[in-house]
Amino acid sequence: MAAQLTIADLARRLGISKASVSYALNNQPGVGPETRERVQTLARELGWFPSSSARALSRAKTGAIGLVMSRDPELLGTEPYFVRVLSGIEQVLIEADVSLVLRMVGPVPGRDLEVYERWAGERRVDGVILFDARQDDLRFPLVRRLGLPAVLHSAPQESALMPCVSGDDPNDAALVVEHLRSLGHRRIAHVMGPQVFFHELRRRALVREQALQAGLQVDVVQGDYTLDGAHRLVLELLQAPEPPTGLIFANDLMAIGGLDAAAELGISVPEQLSIVSWDDSILCQVARRGVTALDRNLTEFGRASARVLLEQIADRNPSDVVVGPSTLVVRGTSGPAPA
């Protein structure tokens, strides 16, 4: 009977997850001392132990890395940012013969943590790339506890205690603000993404700093990365008593939403309003006037993230990487401020 027992049987008897049983039996981090002792005691009582071949397999590399996105799955089909980053990641993984396990769990808090727990317990991936870092991000202590190699694809944070791949945000903020200042704009608005994300808070601070140095007044409003959300925000901004003459958007989708809002109000771009996007993509190129945007080399962002993670998995202690410099591609949505 003991020979027929499985990890699932032990988990069912103890009322815990299979991942917790696996951690305990293989002496891996992920469970507390009390749970580890309960699991090992029951296994001894039942005369059950993982086979040597199973142990060897648990220590072997899986040949896969993981990426969990706490975004709506539909976003992957509408947001060019992720497509370009994933393209860069795959370019490196193909050469290394490593697979990518992608999971989109939606914005429900904590659902992504369950995925990391399961992946570590089942030895599904050798390491993970973390997107969209937040203040006091719960993933940072979790991946350390699970022993999962990880790289942060975002703005660097001391609390992460892991290598980070980021852009040169100070230079990027200087490029977009100086572009609008040089065109004579004195009142601008920064339509940022959700402020739960650390990189958005960092960019907000940098844009404010650059605007202050340039003598510009900057209003900040929070968007949600969507076209419709930006459309509503820009309608409000442009109908205010003192509307801005220049808009900076956190991504290309929101920039297109801003263009639509201006057209709806009969505001001419760029004669009466200038628009700049923080991300460049095919959307910016095919828009009715072509959107002025930052080309941040997102494919290289993905390549760098994959390379750093593979070095981390190989215990090479990689350093942080700053991808850059960005290029401001000036198109038809930015022009001299109206008199």
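Scroll up a little and you will see the structure.
Note that residues are indexed from 1 along each chain, following the sequence as it is written. pLDDT decides what is reported in this predicted model: residues at 70 or higher carry local features, side-chain atom pairs at 80 or more are listed and counted, and totals for whole chains, interfaces and linings draw on all residues regardless. With hydrogens and water set aside, each side-chain value is computed from the structure's full complement of heavy atoms.

The next subject is the overall build of the chain. Strands are runs of DSSP state E lasting at least 2 residues, helices are runs of H or I lasting at least 4, and numbering of each runs from the N terminus. From N to C terminus, the chain includes 14 helices and 12 strands. With the C-alpha coordinates of the chain rotated into their principal frame, the extents come out at 85 × 35 × 35 Å. Here the term buried applies to any residue with accessible area under 20% of the maximum for its type, exposed to any over 50%, and partly exposed to those in between, with areas from a 1.4 Å probe on protein chains only. Going through the 339 residues of the chain one by one, you find that 52% of them count as buried. In this analysis, two residues are considered to be in contact whenever any of their non-hydrogen atoms come within 4.5 Å of each other. Long-range contacts, defined as pairs at least 24 residues apart, comprise 71% of the intrachain contacts of the chain with a sequence gap of at least 6. Surface accessibility of the chain: about 15500 Å² in total, with carbon and sulfur atoms responsible for 51%. Per-residue accessibility takes into account occlusion by the displayed protein chains alone, with areas from the Shrake-Rupley method and a 1.4 Å probe.

Right, let's talk about helix H1 (residues 7-14) for a bit. Among the residues making up H1, those that are buried are Asp 9, Leu 10, Ala 11 and Leu 14. Along its buried surface, H1 packs onto helix H2 (18-25) and helix H3 (33-45). Phi turns positive, to about 70 degrees, at Gly 15, one or two residues after H1.

We call Phe, Tyr and Trp rings a pair once their centres come within 6.5 Å, taking the six-membered ring for Trp, and we label the pair stacked below 30 degrees between planes, edge-to-face above 60, and tilted otherwise. Taken as a whole and judged by the stated rule, the model has four aromatic pairs. Taken together, a centroid distance of 6.2 Å and an interplanar angle of 10 degrees make the contact between Phe 197 and Tyr 225 stacked. Of this pair, Phe 197 sits in the loop between strand S6 (187-192) and helix H10 (198-214) while Tyr 225 sits in the loop between strand S7 (217-222) and helix H11 (227-238), placing them 28 residues apart in sequence. Aromatic ring contacts, followed pair by pair, group Tyr 81, Phe 82 and Phe 131 into a single cluster. The criterion is that NZ of a Lys, or CZ of an Arg, lies within 6 Å of the ring centre and within 35 degrees of the ring normal, and then a charge sits over that ring. When the ring centre of Phe 301 is taken as reference, the NZ or CZ atom of Arg 296 above it lies at 5.4 Å.

A few words now on the environment of Pro 29. Here Pro 29 is to be found in the loop between H2 and H3. Owing to a relative accessible area of 40%, Pro 29 belongs among the partly exposed residues under this scheme. A sequence separation of 116 residues divides Pro 29 from Arg 145, and the C-alpha atoms of the two residues are 6.0 Å apart. What Pro 29 contacts, discounting residues up to four positions off in sequence, is Tyr 23, Arg 36, Arg 145, Leu 146 and Gly 147.

Here strand S3 (residues 128-131) shows no split at all, with Val 128 and Leu 130 on one side and Ile 129 and Phe 131 on the other all buried. Pairing between strand S1 (residues 64-69) and S3: three bridges, direction parallel. When the bridges of S3 are listed, Gly 66 appears paired with Val 128. The pairing criterion is simple: DSSP has to find at least two bridges between the two strands. Examined bridge by bridge, S3 and strand S4 (residues 150-153) share four bridges and lie parallel to one another. Looking across to S4, one finds that Leu 130 is bridged to Leu 152. Seen with the strands pointing away from the viewer, any crossover whose path from the first strand over the helix to the second strand runs clockwise is right-handed. The parallel pair S3 and S4, bridged by helix H8 (residues 139-146), forms a crossover whose chirality is right-handed.

Core analysis: the biggest nonpolar cluster contains 34 residues, and Tyr 116, Trp 119, Val 128, Leu 130, Leu 152 and Met 162 have the highest contact counts within it. At the level of elements, H1, H2, H3, S1, helix H7 (111-122), S3, H8 and S4 are the ones that each hand at least two residues to this core. Take this core: its biggest share by element is five residues, from H2. Residue contacts for Tyr 116: discarding those within four places in its chain leaves Val 68, Val 128, Leu 130, Arg 139, Leu 142, Leu 146 and Leu 148. Remark: nonpolar core denotes a set of buried residues (Ala, Val, Leu, Ile, Met, Phe, Trp, Tyr, Cys) joined through side-chain atoms within 4.5 Å. Counting 26 residues, the second largest nonpolar core, distinct from the first, contains Val 234, Ala 255, Leu 259 and Val 291.

Next up on the list: helix H9 (residues 169-182). Multiply 1.5 Å by the residue count of a helix minus one, and that product is the helix's expected span. Between its terminal C-alpha atoms H9 stretches 20 Å, which fits the 20 Å expected from 14 residues at 1.5 Å a residue. Gly 184 occupies a position one or two residues after H9 and carries a positive phi of about 95 degrees.

Let us look at the pattern of salt bridges. The term salt bridge refers to a pairing of a side-chain nitrogen on Lys or Arg with a carboxyl oxygen on Asp or Glu at a separation within 4 Å. Summed over the entire model, instances satisfying the criterion amount to 17 salt bridges. With a closest N to O distance of 2.5 Å, Asp 9 and Arg 12 form a salt bridge. Linking Asp 9 with Arg 12, this pair stays in helix H1, spanning three residues, or about one helical turn. A relative accessible area of 17% places Asp 9 in the buried class. Notably, a salt bridge pairs Asp 126 with Arg 123, separated by 3.9 Å at the nearest N-O pair. The network of salt bridges with common partners includes Asp 169, Arg 202 and Arg 203.

Turning next to the pairing of S4. Neither face of S4 is left uncovered, since the one carrying Ala 150 and Leu 152 and the one carrying Val 151 and His 153 both have all their residues buried. In this sheet, strand S5 (residues 164-167) lies alongside S4 in parallel orientation, the contact comprising two bridges. Within S5, the residue paired with His 153 across the bridge is Val 165.

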